Number of protein chains: 2
Amino acid sequence: MTTSRKISQKLRLLSIAAAVFSTACAPLKESGGPMVIQQQGSFAVGGTVVTNPGTFDPYKPTPAGQTLRGDHAYVFYQVPAKARQFPLVMWHGIGQFSKTWETTPDGREGFQNIFLRRRFGVYLLDQPRRGNASRSTVAATITPTPDEQQWYDVFRVGVWPTYFEGVQFARDSATLNQYFRSMVPSIGPIDIPVMTAAASALFTKIGPAILVTHSHSGGMGWLTAVNSPNVKAIASYEPGSGFLFPEGEVPAPMPSSGGTLEAVGVPMAEFMKLTKIPIIIYYGDNIPEKPSPNPGADGWRFRLAMARQWRDAVNRHGGDVTVVHFPEIGIKGNTHFPMSDLNNLQIADHLSGFLKSKNLD
Amino acid sequence: MTTSRKISQKLRLLSIAAAVFSTACAPLKESGGPMVIQQQGSFAVGGTVVTNPGTFDPYKPTPAGQTLRGDHAYVFYQVPAKARQFPLVMWHGIGQFSKTWETTPDGREGFQNIFLRRRFGVYLLDQPRRGNASRSTVAATITPTPDEQQWYDVFRVGVWPTYFEGVQFARDSATLNQYFRSMVPSIGPIDIPVMTAAASALFTKIGPAILVTHSHSGGMGWLTAVNSPNVKAIASYEPGSGFLFPEGEVPAPMPSSGGTLEAVGVPMAEFMKLTKIPIIIYYGDNIPEKPSPNPGADGWRFRLAMARQWRDAVNRHGGDVTVVHFPEIGIKGNTHFPMSDLNNLQIADHLSGFLKSKNLD
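Model, not experiment: these values are computed from the prediction. (Residues numbered from 1 in each chain as written. Chains lettered and ligands numbered in written order. Predicted model: local features only at pLDDT ≥ 70, side-chain atom pairs only at ≥ 80, totals over all residues. Heavy atoms only, no water.)

(A) Fine view of empty space enclosed by the protein. Residues and elements named next belong to chain A. Summed over the entire model, instances satisfying the criterion amount to six cavities of 30 Å³ or more. Quantified by volume, the largest cavity comes out at close to 150 Å³. Taken together, 17 residues make up the lining of the largest cavity; nearest its centre are Gln96, Pro105, Tyr179, Ser182 and Phe337. Among the elements of the structure, α3 (148-154) and α4 (173-180) are those that each provide at least two residues to the lining of the largest cavity. Broken down by element, the residue count for the lining of the largest cavity peaks at three residues, all from α4. When its residues are assigned to classes, the lining of the largest cavity shows eight nonpolar, seven polar and two charged. (1 Å grid on protein atoms, 1.4 Å probe; cavity = no way out; pocket = protein on both sides within 12 Å on 5 of 7 lines; lining within 4 Å. Points joined across faces, edges and corners; volume = space filled by probe spheres on them. Helix = DSSP H or I, 4+ residues; strand = E, 2+ residues; numbered from the N terminus. Nonpolar A, V, L, I, M, F, W, Y, C, P; charged D, E, K, R; others polar.)

(B) Structural view of the relation of the copies chain A and chain B. Rotating chain A by 180 degrees and moving it 0.0 Å along the rotation axis overlays it on chain B with an RMSD of 0.0 Å. These values place the two chain copies in the arrangement generated by a two-fold rotation axis. The overlap is high: 99% of the interface residues of chain A also sit at the interface in chain B, so the same surface is used on both sides. (Least-squares fit on C-alpha atoms with pLDDT ≥ 70 in both. Contact = heavy atoms within 4.5 Å.)

(C) Representation of the side chain of Arg118(A) in the model. Tracing the chain through its elements places Arg118(A) in the loop between α2 (111-117) and β6 (122-126). Within the structure, Arg118(A) has its side chain in polar contact with the side chain of Asp349(A) (distance 2.6 Å). (Polar contact = N/O pair within 3.5 Å; in protein donor to acceptor, adjacent residues only side chain to side chain.)

(D) Representation of the packing of helix α5 (residues 192-206) of chain A against helix α6 (residues 216-227) of chain A in the model. Residues and elements named next belong to chain A. At a minimum axis separation of 9 Å, α5 and α6 run at an interaxial angle of 55 degrees. Considering their axes alone, α5 and α6 lie oblique with respect to each other. Relative to α6, the crossing made by α5 is right-handed. Here Ile192, Met195, Thr196, Ala199, Ser200 and Phe203 of α5 come into contact with α6, specifically with His216, Met220, Leu223, Thr224 and Asn227. (Axes fitted to C-alpha atoms, helices over the stretch in contact; angles between N-to-C directions. Parallel < 35°, antiparallel > 145°, perpendicular 65-115°, else oblique. Left-handed = near helix turned anticlockwise from the far one by under 90°.)

(E) The interface of chain A and chain B, seen in detail. In this assembly, 85 residues from chain A lie in contact with 84 residues from chain B. Interface area for chain A against chain B, summed over the two sides, is near 7,200 Å², with a carbon-plus-sulfur share of 56%. When residues of chain A are sorted by the area they lose upon contact with chain B, Arg135(A), Pro146(A) and Arg181(A) head the list and together hold 11% of the total. Applying the counting rule to chain A against chain B returns six salt bridges. Here Asp147(A) makes a salt bridge to Arg135(B), at a shortest N to O gap of 2.8 Å. Inspection of the chain A/chain B interface yields 43 residue pairs in polar contact (both at pLDDT 80 or more). With 10 residues, helix α1 (residues 3-24) of chain A is the largest single contributor of residues to the side of chain A that touches chain B. Of the residues in the side of chain A that touches chain B, the class split is 42 nonpolar, 32 polar and 11 charged. Relative to strand β7 (residues 140-142) of chain B, strand β7 (residues 140-142) of chain A is paired through three bridges, and the arrangement is antiparallel. If you follow Ile142(A) over to β7(B), its bridge partner there is Ala140(B). (Buried area = accessible area lost by both parts, 1.4 Å probe. Salt bridge = Lys/Arg side-chain N within 4 Å of Asp/Glu carboxyl O. Pairing = 2+ DSSP bridges.)

(F) Structural view of the pattern of salt bridges. Inspection of the entire model under this criterion finds 28 salt bridges over all chains. For Asp349(A), the salt bridge is made with Arg118(A), and the minimal N-O distance between the two is 2.6 Å. Taken together, the residues Asp349(A) in helix α9 (residues 344-357) and Arg118(A) in the loop between α2 and β6 connect sequence positions 231 residues apart. The class of Asp349(A) is partly exposed, set by a relative accessible area of 44%. Two residues, Arg129(B) and Asp71(B), come together in a salt bridge whose shortest N-O distance is 2.9 Å. (Buried < 20%, exposed > 50% of the residue type's maximum accessible area, 1.4 Å probe, protein only.)

(G) Representation of helix α8 (residues 295-316) of chain A within the structure. Residues and elements named next belong to chain A. Taking 1.5 Å of rise per residue, the 22 residues of α8 would be expected to cover 32 Å, and the 32 Å separating its terminal C-alpha atoms lies within 8% of that figure. At the N-terminal boundary of α8, the capping side chain belongs to asparagine 294, with an oxygen 2.9 Å from the backbone nitrogen of glycine 296. Immediately beyond the C-terminal end of α8, within one or two residues, lies glycine 318, with a positive phi of roughly 100 degrees. (Expected span 1.5 Å × (residues − 1).)

So, in structure tokens, the structure goes:
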């Protein structure tokens, strides 16, 4: 073979390799196309062990002398190739599980895939007594009660059976079917210290990471950041309750047609930990500005108001909290689930921008 | 720039591209290293809708006029780049959920990753009323009862607190902790028609696929194959009950110190569907050959015996069932969970070989 033929052949082989690289292994795209996952797996974290007195007899087994582990969180994680410095820990809200962050009800990619494509490690948490972490140490009675129309209203898709005008939610029955089937019962009480202990144990296990909360996990997220110095930032979508104020600075309870919202007092030293990390809070659209007889929507009026009070309190003490009410920056139609709404790529862009601005990406 | 310098530069650039390809995007390896995922997501499938009589009032919500969707299965799926023809649907056993196929208790890769690396699409199923599919339409009372030592025995890790000699199970407390935390309660009864309807709906949705069952899903797997022509083959690890025989050919109940095993009669036309697909059944080690006073192990003696009777019945009618008792082919020490045992790559190799031999890979 001549030298030029050898070079030509080598070029051809390398061209093929490069072509394979560019098609089978293209850089992660915004949507669709392959993702290169460096590592993925699952584990239980936190929890307790109940030990029954007595001695276990393998030949005549009874509960005597046996153990039961429960109240742990369950985590499924994926780390993409060339992952950024801090992974995202995504924590669902009330009546939900990790599905919140997965495929959207209308079948598009959720925050799990979107942020994997943006090269973040993604840890999806099922809190204790929920979903894949449903092994509880306390007894529970589950009574299935038809409640979907009420959640449709509370989650601000509309006022059943009407959709809000311009709502970022697909208007077909298959979407609603998937939406409602993403709910699961709590297997036992939502015991705040149990939940936050498991989430804190996760941060101890994985090290520094960014916490992304939704709704009911918002309040538990603040407590987790108080517990764990590994929480490097928090992005909280529509936190619903559990705003922590310094004892003596707790605002009065806020009544609404959707219930009364109460803040929580904590010692100043604990509160001050929340002033050390950047925090962003997001709320969607169709939150009434004045008292509304619609209890589904009205609860969010005071949650947004309290989030602003909390922002001011944390920032007054030297913190870095931002509240983004999406309609005010021209992002319209979002429900209680911006991470799965039709414009969730735009919603993700805002979070990406926040992380970049804080040098956390 | 001279021609030779241009060629030299082009070669260097292509070499870099090839090097990036070979490291960041190497062909899927047996363990570790990146995986190229073409698609991943989750959905609910099957299930029912309960509708309460009355009219829903959004301003004064009560259960009247509301709906509740439940009894669906939940599925998380991943399809690798260049996927093989048929994906694998993996269905957990009793007291378990999709974790069965994920990271092993000692932290290695389970069948989910192993078969993704072998370029199979992998669908992990949570059956209705379990794990992420825990929204049930029937009431349930969950009473946490310490039971781990009993499962240790039934799952043939050993006779608590002793490990079987040579057992394929890591002997450290962190492993046992993860092992026991992979259990979840059933949120409502294990209603066989409800379970098999959801699994059958999955096969209707995704098309032809191979069903991989474990323990209690073994029997429900046979029923799913009777329901759905899209079940192209079944690999069943340690099926525990629900062997389907033609009415009139049902063997007598088999009593053991671990309980009595009863076969199920079905019309001949249904049974005959099981003769149309290749089926392989696997059992692990430490199953007693003679009656044993250890109820944990003894139940498996008759399950293995009935599996062999069932194999003979299906094959007598023209079927293609193989029973592999691992110790008989020199694979020793397996527990009730061969898919997560220390030798799970060897176990996976046997399944790969089976699929190849049937032109299903």
